[in-house]
4 protein chains.
Amino acid sequence: MPKVSEEYKQQRKKHILKSAEACFAEKGFRETTVDDIVEHSKTSKGTIYIYFKSKEDIYFELIEEKFDESLENYFSSVRKFNTAEEKLRYIIKFQKNLEFTEEEQKFIILQIETNMYLLRKGDSEQVMIERLGRISTFLEEILNEGISNGEFKKEINATVFSKMFWSIQDGLLVRTASKELANHHKPIWDLVEEMMFDYLKA
Amino acid sequence: MPKVSEEYKQQRKKHILKSAEACFAEKGFRETTVDDIVEHSKTSKGTIYIYFKSKEDIYFELIEEKFDESLENYFSSVRKFNTAEEKLRYIIKFQKNLEFTEEEQKFIILQIETNMYLLRKGDSEQVMIERLGRISTFLEEILNEGISNGEFKKEINATVFSKMFWSIQDGLLVRTASKELANHHKPIWDLVEEMMFDYLKA
Amino acid sequence: MPKVSEEYKQQRKKHILKSAEACFAEKGFRETTVDDIVEHSKTSKGTIYIYFKSKEDIYFELIEEKFDESLENYFSSVRKFNTAEEKLRYIIKFQKNLEFTEEEQKFIILQIETNMYLLRKGDSEQVMIERLGRISTFLEEILNEGISNGEFKKEINATVFSKMFWSIQDGLLVRTASKELANHHKPIWDLVEEMMFDYLKA
Amino acid sequence: MPKVSEEYKQQRKKHILKSAEACFAEKGFRETTVDDIVEHSKTSKGTIYIYFKSKEDIYFELIEEKFDESLENYFSSVRKFNTAEEKLRYIIKFQKNLEFTEEEQKFIILQIETNMYLLRKGDSEQVMIERLGRISTFLEEILNEGISNGEFKKEINATVFSKMFWSIQDGLLVRTASKELANHHKPIWDLVEEMMFDYLKA
DNA sequence: CATGAATGAGTCTTCATTCAT
DNA sequence: TATGAATGAAGACTCATTCAT
């Protein structure tokens, strides 16, 4: 006989998570204090510790949520296209069209930092590899689809190509987080696109 | 121990830096305490503050030293080759042959974290962009050399290609830091190499 | 203990201030550690930093409070008298009758030290001069009152006399802080009284 | 068979003391570091600890020296005058004519702080009281001289008057250290002079 | 005697977490 | 459930003093 509905509690948690995201993006995990989150979320320290068992816990839930949410959206919008080429071109187009606002850049930084954090902790095996695997598999399927139906040449190693692709994407993301490349990444993606399709269809 | 040679002092500093590197690589900047460095270096807190004015100072000197040192070695070994193609192939080969020990992987993580840290602080403009610029220019020169002497096709935009190349390298490095890709990056570099030369010489 | 009344918090702050006073009086500002205050107040370091933002902050609030509080009481008790002579004699009598306990002597020392501290910092202009001004003006008014109604002679420069008076008071206070003069100051005040009134009414 | 002459050593000590004086006056005892004194004296930490056994020791020797030196000079210049009145007027004139440079004001602050420091330590009985006694006695003698030869009236209590005089002097000094009264003390001394001689000769 | 590098106890301050209300 | 006051362990940094050269 809970006093408040489950839905209410979910909503409350989401609200805190949103605040935490803003804070972490702004200052990073270590530099963000629980008080920062309290202030941003207009709740209280006690409340936060009702919904999360530690600051680290907030961080993990945030990453989990953020990642899964955006990834599923992404996958499904890609799947709407018919041919493998269209799908791949859409993926590239999506990256190309990302307009990185200050805020988004900060979130990218946060994501990269998080990866490094996880890598260091060695927990990565469980979490990260599974994720990278999912993304990799997603592209592999598209590539294999293209190979089967003759869009792409037979010699392609879909696994390797997929890993390469996401590595490139990662690299461009890292650079994009910096001001140097920020919003100048389009010509690079153009080049990548040209080069890749030359290879895939040669 | 007074009236000690400049050389001795340099050595002492280097020793502390070495210890700091190990600690930072192990736990990251924020999680490493000065006491960790004290313990690892078998010196004392006071001594560390003779040679460095803050924990952050150690960090920056470390990054600086590590980076500049390795970069210059790298550049000069590349320049030994005659043709542009040889040079580029050597660069790729170099990346391909990197055998990342546990320790080196940790240092890569540290470097990436550092970049993120700098990006967040906004101090990055001075330091990082200059560095990325140096690396980018280095490859641009090689590419232009190849274009002039007919090794590579005329249509290549050396600036864009160079940026792309290093982004890919970055991306692979990030992934390599993870256990997933660790020491499985050779086939990916093979693919990159094939694809790139196809494009450059088409 | 959450959601606590403003009054409760004021009380808590006062309690810490009381402890700090005892510690500062005992050992001086610099020699007093925050841990001393913690121990004396039976609270915790954290609590102290909830109510004050630094050790210096405690010090200033203490001085401020102590000073303003006692000064206003003093002024109002003096104003109760009718004639200027009565007022001035009361002021002197008040000084004369001060029985300096060990503790009060220590607080006098603290006050003098504080003045020196402020003087050195140069922040004194704002705070101290304003205070000295208030005290000086207070006596000037009494003197002018006495001059107007014929109690005192016309030739008196109220401003100079006032400053002299408080300097004497200061000097006697400094000496009183020492054991030498402690509680032997009455005959000196008698002499001062005699001499002053001889002059004022000559 | 000392390696260096006693005179050399005395000179060295004096030099360090001079530097310490400047530093203590500038920043106070606690805020002055041994390194400050090292830098100012252009010697070394080791050297300082040859001549003094602690930072506090420097402080005490400084106070001792400074005080005794100036006091003896002062006494002897006063004694040159013939009558008690001349002597007392000279003392007042001396105070009146003090032109307090920034530096001298700082040294006054240091002296006052030192007194407070000594008072707190309870060592005051030995050192300070003896000093205050010497000064007090000095003036008592002058006053008694004046009483004996009819310059001053018989009813004067030389001991009390003397203590009062130095208290006034102390008070004016404290105030003079502040910017408020700085170099505006002459009219006050004029008033004190007038009032005192009115009393002494009445 | 002179030097200054080394030391480490001692400071202030922060902040994640708890728990009484 | 919600609150926010209380806690204290932990961290960065300082500096008087020592002592090998």
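Residues numbered from 1 in each chain as written. Chains lettered and ligands numbered in written order. Predicted model: local features only at pLDDT ≥ 70, side-chain atom pairs only at ≥ 80, totals over all residues. Heavy atoms only, no water.

Caption draft 1: Fine view of the interface of chain B and chain A. Taken together, the contacts link 45 residues of chain B with 45 residues of chain A. Buried surface at the junction of chain B and chain A, both sides included, amounts to about 4,400 Å², of which 67% is carbon and sulfur. Of all residues in chain B, Arg120, Arg175 and Met195 of chain B give up the largest surface area on contact with chain A, accounting jointly for 18% of the area buried on that side. On the surface where chain B and chain A come into contact, there are four salt bridges. (Contact = heavy atoms within 4.5 Å. Buried area = accessible area lost by both parts, 1.4 Å probe. Salt bridge = Lys/Arg side-chain N within 4 Å of Asp/Glu carboxyl O.)

Caption draft 2: The arrangement of the arrangement of the chains in detail. Across all C-alpha pairs, the smallest distance from chain A to chain D is 31 Å, and the two are not in contact. The two partners chain B and chain D share no contact, and the minimum distance between any of their C-alpha atoms is 10 Å.

Caption draft 3: Region of interest: the interface of chain D and chain C. In this assembly, 45 residues from chain D lie in contact with 45 residues from chain C. Summed over the shared surface of chain D and chain C, the number is four salt bridges. Across the chain D-chain C interface, the total number found is eight residue pairs in polar contact (both at pLDDT 80 or more). The biggest single contributor to the side of chain D that touches chain C is helix 8 (residues 158-177) of chain D, with 13 residues. (Polar contact = N/O pair within 3.5 Å; in protein donor to acceptor, adjacent residues only side chain to side chain. Helix = DSSP H or I, 4+ residues; strand = E, 2+ residues; numbered from the N terminus.)

Caption draft 4: Quick look at helix 8 of chain D. Residue and element names in this part refer to chain D. With 20 residues, helix 8 extends 28 Å from end C-alpha to end C-alpha; this agrees with the ideal 28 Å at 1.5 Å per step. Across the 20 residues of helix 8, 18 count as buried, placing the element largely inside the fold. Between the side-chain oxygen of the N-cap and the backbone nitrogen of threonine 159 there are 3.1 Å, and the N-cap of helix 8 in question is asparagine 157. (Expected span 1.5 Å × (residues − 1). Buried < 20%, exposed > 50% of the residue type's maximum accessible area, 1.4 Å probe, protein only.)

Caption draft 5: Geometry of the relation of the copies chain B and chain A. When chain B is fitted to chain A, the best match, at an RMSD of 0.4 Å, comes from turning it 178° and sliding it 0.1 Å along the axis. Considering both components of the superposition, the chain copies are consistent with a two-fold axis. Relative to the rotation axis, the closest C-alpha in chain B is found at glycine 171 of chain B, a distance of 1.8 Å. A shared binding surface is used by both copies, with 100% of the interface residues of chain B retained as interface residues in chain A. (Least-squares fit on C-alpha atoms with pLDDT ≥ 70 in both.)

Caption draft 6: Local environment of the domain arrangement of chain A. All names here are of chain A. The domain boundaries assigned to chain A delineate domain 1 (1-57) and domain 2 (81-201). Centre-to-centre separation of domain 1 and domain 2, based on C-alpha positions: 31 Å. Taken as a group, Glu21, Ala25 and Glu56 account for 61% of the area that domain 1 buries against domain 2, more than any other trio of residues on that side. Inspection of the region where domain 1 meets domain 2 yields one salt bridge. Lysine 106 is paired through a salt bridge with glutamate 26; the nearest N and O atoms lie 3.1 Å apart. (Domains from an automatic or database assignment.)

Caption draft 7: The pattern of salt bridges, seen in detail. The final tally for this structure, using the stated rule, is 66 salt bridges over all chains. A salt bridge links glutamate 31 of chain D to arginine 30 of chain C; the nearest nitrogen and oxygen atoms lie 2.9 Å apart. Taken together, the residues glutamate 31 of chain D in the loop between helix 1 (6-27) and helix 2 (34-41) and arginine 30 of chain C in the loop between helix 1 (6-27) and helix 2 (34-41) connect one chain to another. One salt-bridge network, held together by shared partners, links Glu85, Arg89, Lys96, Asp190, Glu193 and Lys201 of chain A.

Caption draft 8: Highlighting the relation of the copies chain D and chain C. Relative to chain C, chain D is turned by 178° and slid 0.0 Å along the rotation axis, the superposed coordinates differing by an RMSD of 0.4 Å. Mapped onto chain C, 100% of the interface residues of chain D again fall at the interface, so both copies present the same surface.

Caption draft 9: Focus on the packing of aromatic side chains. Residue and element names in this part refer to chain A. Applying the stated criterion to the full structure yields 64 aromatic pairs over all chains. When the ring of tyrosine 59 is compared with that of phenylalanine 60, the centres are 6.1 Å apart and the planes differ by 40°; the resulting orientation is tilted. Taking relative accessible area as the criterion, phenylalanine 60 reaches 25% and is therefore assigned partly exposed. Each residue in the set Tyr74, Phe75, Phe81, Tyr90, Phe94 and Phe138 is aromatic and connected to the rest through ring pairs, giving one cluster. Here lysine 55 stacks its cationic end above the ring of phenylalanine 29, 4.7 Å away from the centre of that ring. (Phe/Tyr/Trp six-rings, centres within 6.5 Å; stacked < 30°, edge-to-face > 60°. Lys NZ or Arg CZ within 6 Å of the ring centre and 35° of its normal.)

Caption draft 10: Expanded view of the UniProt feature "domain: HTH tetR-type" (unreviewed entry) in chain A. When the UniProt feature table is mapped to this numbering, "domain: HTH tetR-type" (unreviewed entry) covers residues 10-70 of chain A. Counted over residues 10-70 of chain A, helix gives 80% and strand 0%. Its end C-alpha atoms are 19 Å apart. (UniProt positions renumbered as here; feature names shortened; annotations may be inferred.)

Caption draft 11: Quick look at unusual backbone geometry. Residues and elements named next belong to chain A. At lysine 42, a position not held by glycine, the phi torsion is positive, near 50°. The topology assignment puts lysine 42 in the loop between helix 2 (34-41) and helix 3 (45-51). For lysine 42, a relative accessible area of 70% gives the class exposed.

Caption draft 12: Geometry of helix 4 (residues 55-79) of chain C. For helix 4 of chain C, spanning 25 residues, the distance from its first C-alpha to its last is 37 Å, which sits close to the expected 36 Å at 1.5 Å a residue. For helix 4 of chain C, the full list of buried residues reads Lys55, Asp57, Ile58, Tyr59, Leu62, Ile63, Phe67, Leu71, Tyr74, Phe75, Ser77 and Val78 of chain C.

Caption draft 13: Structural context of the environment of phenylalanine 75 of chain A. Residues and elements named next belong to chain A. Residue placement: phenylalanine 75 occurs in helix 4 (residues 55-79). A residue is classified by how much of its surface remains accessible, and phenylalanine 75, at 4% relative accessible area, is buried. Once the C-alpha coordinates of phenylalanine 75 and threonine 47 are considered, the two residues, 28 residues apart in sequence, prove to be 35 Å apart. Setting aside residues up to four positions removed in sequence, phenylalanine 75 forms contacts with Arg134, Ile135 and Phe138.

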